[in-house]
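Here's the letter readout for the chains.
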There are 2 protein chains.
Amino acid sequence: MSSKQTDSIGIVSPQIQHFDEPLPLRSGRSISQYDIVYETYGTLNKERSNALLICHALSGHHHAAGFHEGDSKPGWWNECIGPGKAIDTNIYYVVSLNNLGGCHGSTGPTSINPETGNTYGPDFPIMAVRDWVKSQYRLMQTLNIPYWAAVVGGSLGGMQVIRWSIDYPDLVKKAVVIASAPKLTAQNIGFNEVARQAISTDPEFHEGRYAQKGTYPKQGLMLARMLGHITYLSDDSMREKFGRELKTGKLSFDFDANFQVESYLRYQGEQFSSRFDANSYMLMTKALDYFDPTVDHDGDLVKCLSLATAKFLVVSFSTDWRFPPSRSEEIVQGLLGARKNVSYLEIEAPQGHDAFLFPIEDYVNLLTAFLQPEKKENSLELRGNSHA
Amino acid sequence: MSSKQTDSIGIVSPQIQHFDEPLPLRSGRSISQYDIVYETYGTLNKERSNALLICHALSGHHHAAGFHEGDSKPGWWNECIGPGKAIDTNIYYVVSLNNLGGCHGSTGPTSINPETGNTYGPDFPIMAVRDWVKSQYRLMQTLNIPYWAAVVGGSLGGMQVIRWSIDYPDLVKKAVVIASAPKLTAQNIGFNEVARQAISTDPEFHEGRYAQKGTYPKQGLMLARMLGHITYLSDDSMREKFGRELKTGKLSFDFDANFQVESYLRYQGEQFSSRFDANSYMLMTKALDYFDPTVDHDGDLVKCLSLATAKFLVVSFSTDWRFPPSRSEEIVQGLLGARKNVSYLEIEAPQGHDAFLFPIEDYVNLLTAFLQPEKKENSLELRGNSHA
């Protein structure tokens, strides 16, 4: 673990880029103007050839590494981004943004809708992964970045990486898809639907117009997060973390939190519901459900991935049951079928889906090797062959 | 599938037994008087040696087989109970009851508390599995049944079977523990806690006193059931059942149910919340969380199971991830360690945890063989040996 400020990139500040050109969306709607908040770590080299894009997951944001002035907690992926770390800021100029529809500074449901003068709330359009990628492309242009040396993302972030690789194949040299899936299963969608129902049936939700009503669907968002949290952890990691430990040493025969795991989940839900916007959560989960890059390619993953030209690294984690290794292997099979350059590793890790955030040795070494600018990583490389 | 009325036991009627002797409970509390509703199928033989007890799971009840007058839907385990079925009513006198704390006729939160004249509501004591077993023992006495030829249960029902086998070892000849676990994991408890929070944070819950307030926490119960339902099905069975089929053939870019799985879960939640009591659901999940038969035996499953004298059949299902085969194997290892007579089979079945309700051929054959009154089932028997 290396979240100490000393080996971090230190103090970072977010920047905001305003866009005036309307962004047409997958849904047929568009956003007339918008802001994107982002951070950069490291230095863009003279050749402008070392830019690396981080795509965030469901509840992520632009603050991926370093510390905001006065904060004691670093960015969400500080373990893996920094000088000498897996995503090495001595080598790369890292760009990390908050996606549209989020609630951390980029235009989203809590922003003012210029057409009404009120917050967008539930009127903010549902975003598709390709819409985010398009907005990231525009940010890239304003930063005068000619191409990405690498695009990197875990979970929903990995889906953005896939979309980048087929929508802008010439602009992505390396693509790192971590703990992701080519599309959600019915079970995944089911969990998201329970989360959305928890939020939307909270009487304080008011069909998403809680801001105007002066309310907030805190309980619903809390439930959604508690549920999500269970799916991010492995059964094993929960066993190790909590076992069946009792809070007070004995059963209370009431409905207070008796077991440690209960109070942990309540705390996590409570924390999250204080800092995340319910409409954002609703639309982020929809983007997950809707993601299917094969939709314009007769449902054929090989056909769709044929468009890509990047070198791929696909990573999965042994105890991840939200997006288990078999889902990553579907992506790998698609890439191999399309005769693309792909390295794949399933990392042994007890942390479940959340493993992608941890500096696990094999994982760090793998990322480091793949992201080496010059060295070849032949030892990990598979091209058009079947894999173990 | 054999739910046709023709090979069912036909019309059945529930009976009610009243008990006046107070029932002391694990929690230290007691119930002063209570009713138990039950059904019987088949005929008690002259020797009174063919009685078989069915223990129900979380949302089950006494109506396990046959049809109530006028109903088109049979009991919940009609596929497996009836003449010539796995639990053969030509052989056995089957007794099936609704557990205390439930909401189908036995005394529970919706019953009148004689001390107050109001419904118990949240004042109904939290039941432990051993309390249910004790109440089942009393019912057995009133029915003048000297011992059970077999006690059978799936999931939470299997936990009652384990408790029967150690609390009344002389009264259980055969014990059938299906899709169960020796105790819940932190993940299991986590899911139950989210369900309880969904119910208890519903503003219509009023700390369980919704009956007095004239409200009902329907949304909370609906959410609890949607979540539960996902955990009863396997990822595979959901994929087969729904895939990513869209209700209307295209994405709607709104928060209506787009995918079939979403409307299915909403429907299931809706149905369940119309027929189940929220306080009952709360206490049934607590009984699950609290179950740990080793608690009086230094946490040692072998030591605790040493008390049993029954012949055991333990059954698990390959795609059950709520109580996966590994959990059944813990029970088997405990029994083997205690040198008990145990047969174990993991049944290949796509249905997940719910598989235990289906008449899957291998499963039916296994139950039939194990429940044969005379024949030996040596082929399946393991005694004190390690197993595959």
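Thresholds applied
- Residues numbered from 1 in each chain as written.
- Chains lettered and ligands numbered in written order.
- Predicted model: local features only at pLDDT ≥ 70, side-chain atom pairs only at ≥ 80, totals over all residues.
- Heavy atoms only, no water.
- Helix = DSSP H or I, 4+ residues; strand = E, 2+ residues; numbered from the N terminus.
- Rg over C-alpha atoms; globule rule 2.2 N^0.38 Å.
- Buried < 20%, exposed > 50% of the residue type's maximum accessible area, 1.4 Å probe, protein only.
- Contact = heavy atoms within 4.5 Å.
- Lys, Arg positive; Asp, Glu negative; His and termini not counted.
- Charge placed at Lys NZ, Arg CZ, Asp CG, Glu CD.
- Phe/Tyr/Trp six-rings, centres within 6.5 Å; stacked < 30°, edge-to-face > 60°.
- Salt bridge = Lys/Arg side-chain N within 4 Å of Asp/Glu carboxyl O.
- Buried area = accessible area lost by both parts, 1.4 Å probe.
- Nonpolar A, V, L, I, M, F, W, Y, C, P; charged D, E, K, R; others polar.
- Least-squares fit on C-alpha atoms with pLDDT ≥ 70 in both.
- Domains from an automatic or database assignment.
- Polar contact = N/O pair within 3.5 Å; in protein donor to acceptor, adjacent residues only side chain to side chain.
- Core = buried A, V, L, I, M, F, W, Y, C linked by side-chain atoms within 4.5 Å.
- Axes fitted to C-alpha atoms, helices over the stretch in contact; angles between N-to-C directions.
- Parallel < 35°, antiparallel > 145°, perpendicular 65-115°, else oblique.
- Arc of directions from axis to C-beta.
- pLDDT = per-residue confidence, 0-100.
- Patch = residues over 30% accessible without salt bridge, like charges linked within 9 Å, V, L, I, M, F, W, Y side chains within 5 Å.
- Areas by Shrake-Rupley, 256 points an atom, 1.4 Å probe, with all protein chains shown as cover.

Engineer: Sorry if this is basic, but what is going on with the overall build of chain A here?
Structural biologist: A count of helices and strands for chain A gives eleven helices and 13 strands. The globule rule puts the C-alpha radius of gyration for 388 residues at 21 Å, and the 21 Å found for chain A is close to it. Referenced to the eigenvectors of the C-alpha coordinate spread, the extents of chain A come out at roughly 60 × 55 × 50 Å. Across the 388 residues in chain A, those meeting the buried criterion constitute 60%. At a minimum sequence separation of 6, the contacts of chain A that also span at least 24 residues come to 73%. Placing the 36 positive and 44 negative side-chain charges of chain A at their respective mean positions leaves the two points 3 Å apart.

Engineer: Teacher, can you tell me more about the environment of Asp292(A) here?
Structural biologist: Residue and element names in this part refer to chain A. Considering the arrangement of structural elements, one finds Asp-292 in the loop between helix H8 (278-290) and helix H9 (301-305). According to the relative accessible area criterion, Asp-292 is buried, its value standing at 16%. A sequence separation of 108 residues divides Asp-292 from Leu-184, and the C-alpha atoms of the two residues are 8.1 Å apart.

Engineer: Help me understand the environment of Cys103(B), please; the structure alone is not making it clear to me.
Structural biologist: Residues and elements named next belong to chain B. With respect to the secondary-structure elements, Cys-103 resides in the loop between strand E8 (93-97) and helix H1 (129-142). Measuring from C-alpha to C-alpha, the distance between Cys-103 and Ile-31 comes to 16 Å, with 72 residues separating the pair along the chain. Sequence-distant contacts of Cys-103, defined by excluding residues within four places in its chain, comprise Asn-98, Phe-276, Asp-277 and Ser-280.

Engineer: Would you take a moment to explain the packing of aromatic side chains for this structure?
Structural biologist: The geometry of two aromatic rings is summed up by the distance between their centres and the angle between their planes. Residue and element names in this part refer to chain A. Considering all chains together, one arrives at 38 aromatic pairs over all chains under this definition. With a centroid separation of 6.2 Å and an interplanar angle of 90 degrees, the aromatic rings of Trp-148 and Trp-164 are classed as edge-to-face. Residue Trp-148 is located in strand E9 (residues 148-154), and its partner Trp-164 is located in helix H2 (residues 156-167); the two are separated by 16 residues in the primary sequence. For Trp-148, a relative accessible area of 1% gives the class buried. Cluster of aromatic residues (ring-pair linked, three or more members): Tyr-137, Trp-148, Trp-164 and Tyr-168.

Engineer: Whenever I open this one, the pattern of salt bridges confuses me. Can you help?
Structural biologist: Side-chain pairs of opposite charge can arise where the charged atoms are in close proximity. The full count for this structure, using the stated rule, is 28 salt bridges over all chains. Of the charged contacts, one joins Glu330(A) and Arg327(A) as a salt bridge, the two residues approaching to 2.8 Å between their closest N and O atoms. Linking Glu330(A) with Arg327(A), this pair stays in helix H10 (residues 325-337), spanning three residues, or about one helical turn. Between Asp167(B) and Arg163(B) there is a salt bridge; the shortest N-O distance is 2.9 Å. Of this pair, Asp167(B) and Arg163(B) both sit in helix H2 (residues 156-167), separated by four residues, roughly a single helical turn. What you see here is one network of salt bridges that share partners, running through Glu193(A), Arg196(A), Lys286(A), Asp289(A), Glu262(B) and Arg266(B).

Engineer: Would you explain the interface of chain B and chain A in this entry?
Structural biologist: Put simply, an interface is often sized by how much accessible area is lost when its parts join up. At the interface, 51 residues of chain B touch 52 residues of chain A. Interface of chain B and chain A: buried area, both sides summed, is about 4700 Å²; carbon and sulfur atoms make up 70% of it. Measuring nitrogen to oxygen at the nearest pair gives 2.5 Å for the salt bridge that ties Arg266(B) to Glu193(A). Counting residues per element, the side of chain B that touches chain A draws most heavily on helix H3 (residues 186-200) of chain B, which supplies ten residues. Taken together, the residues of the side of chain B that touches chain A break down into 27 nonpolar, ten polar and 14 charged.

Engineer: Help me out: how do you make sense of the relation of the copies chain B and chain A in this one?
Structural biologist: Each of the two chain copies can be generated from the other by rotation about an axis followed by a shift along it. The transformation that overlays chain B on chain A combines an axial shift of 0.0 Å with a rotation of 180 degrees, and the residual RMSD is 0.0 Å. Considering both components of the superposition, the chain copies are consistent with a two-fold axis. By residue overlap, the copies meet face to face through one surface: 100% of the interface positions of chain B are interface positions in chain A.

Engineer: Just checking my understanding: could you explain unusual backbone geometry for this structure?
Structural biologist: As a rule of thumb, non-glycine residues mostly have phi less than zero, and peptide bonds are mostly trans rather than cis. All names here are of chain A. One non-glycine residue, Ser-155, lies in the positive phi region at around 60 degrees. Considering the arrangement of structural elements, one finds Ser-155 in the loop between E9 and H2. Overall, Ser-155 belongs to the buried group, its relative accessible area being 7%. One non-glycine residue, His-206, lies in the positive phi region at around 45 degrees.

Engineer: When you look at the domain arrangement of chain A in this model, what are you seeing that I'm missing?
Structural biologist: All names here are of chain A. Under the domain assignment, chain A is made up of domain 1 (5-183 + 292-383) and domain 2 (188-287). Of note, the centres of domain 1 and domain 2, computed from C-alpha atoms alone, are 26 Å apart. Both faces combined, the contact of domain 1 with domain 2 buries some 2500 Å², and carbon together with sulfur accounts for 60% of it. Considering only the surface of domain 1 that becomes buried against domain 2, Leu-58, Trp-321 and Arg-322 emerge as the three largest contributors, covering 28% of it. At the boundary of domain 1 and domain 2, one finds one salt bridge. Across the pair Asp-123 and Arg-209 runs a salt bridge, and its minimum N-O distance is 2.9 Å. Here domain 1 is connected to domain 2 by ten residue pairs in polar contact (both at pLDDT 80 or more). Looking at the side of domain 1 that touches domain 2 residue by residue, the classes come out as 16 nonpolar, 13 polar and four charged.

Engineer: What's the story with the nonpolar core in this structure? I'm lost.
Structural biologist: Note on soluble globular proteins: their nonpolar side chains tend to be buried together. Judged by nonpolar contacts, the single largest core of 190 residues is most densely connected at Trp164(A), Tyr281(A), Trp164(B) and Tyr281(B). Those residues in contact with Tyr281(B) that lie beyond four places of it in its chain are Leu58(B), Ala195(B), Ile199(B), Leu221(B), Ala224(B), Tyr232(B), Phe272(B) and Phe276(B). Listed in part, the 34 residues of the second largest apolar core include Cys80(B), Leu313(B), Ala355(B) and Leu367(B).

Engineer: What is the right way to read the packing of helix H6 (residues 235-242) of chain A against helix H7 (residues 260-275) of chain A from this model?
Structural biologist: Two packed helices can be described by the angle between their axes and the distance between those axes. Residue and element names in this part refer to chain A. Two numbers describe how H6 lies on H7: the axes approach to 9 Å, and their chain directions differ by 110 degrees. Judged by the angle between their axes, H6 and H7 are roughly perpendicular. For the pair formed by H6 and H7, the contact residues are Met-238, Lys-241 and Phe-242 on the first element and Gln-260, Val-261 and Tyr-264 on the second.

Engineer: In this structure, what is going on with the side chain of Glu262(B)? I would like to understand it.
Structural biologist: Along the chain, the position of Glu262(B) falls in helix H7 (residues 260-275). Setting aside anything within four residues of it in sequence, one finds Glu262(B) in contact with Ile189(A), Glu193(A), Arg196(A), Lys286(A), Asp289(A), Asp256(B) and Ala257(B).

Engineer: Hey, could you run me through H6(A) in this one?
Structural biologist: Since the α-helix packs 3.6 residues into each turn, any two residues three or four apart lie on the same face. Within the span of H6(A), buried status applies to Ser237(A), Met238(A) and Phe242(A). Taken end-on, H6(A) shows its buried residues confined to a sector of 105 degrees, consistent with a single buried face. Looking at the packing, one finds that the buried side of H6(A) touches helix H5 (218-232) and H7 of chain A together with H3 of chain B. Looking at the residues trailing H6(A), positive phi occurs at Gly243(A), about 50 degrees.

Engineer: Just checking my understanding: could you explain the confidence of the model for chain A for this structure?
Structural biologist: Caution applies to low-pLDDT regions: their predicted coordinates should not be interpreted in detail. Residues and elements named next belong to chain A. Per-chain confidence: chain A averages 93 in pLDDT, with 95% of residues scoring 70 or above. For the stretch residues 1-6, pLDDT sits under 50, and the model shows 13 contacts to residues farther than four places along the chain or on other chains. This model gives residues 376-388 a pLDDT under 50, and the stretch forms 31 contacts once residues within four places in sequence are excluded. Scoring the predicted complex yields pTM 0.92 and, for the interface, ipTM 0.90.

Engineer: Any chance you could explain a negative patch on the surface here in plain terms?
Structural biologist: All names here are of chain A. Taken together, the side chains of Glu-346, Glu-348, Glu-361 and Asp-362 define an acidic patch exposed on the protein surface. Structurally, Asp-362 is set in helix H11 (residues 361-371). Accessibility expressed as a relative area gives 47% for Asp-362, which makes it partly exposed.

Engineer: Which parts of the structure should I look at to understand H11(A)?
Structural biologist: All names here are of chain A. Taken together, the buried positions of H11 are occupied by Tyr-363, Leu-366, Leu-367, Phe-370 and Leu-371. The buried residues of H11 all sit within an arc of 115 degrees when viewed along its axis, so they share a single face. Lining the buried residues of H11 we find strand E5 (51-55), strand E7 (87-88), E9, strand E10 (172-178), strand E11 (311-317) and strand E12 (341-347).

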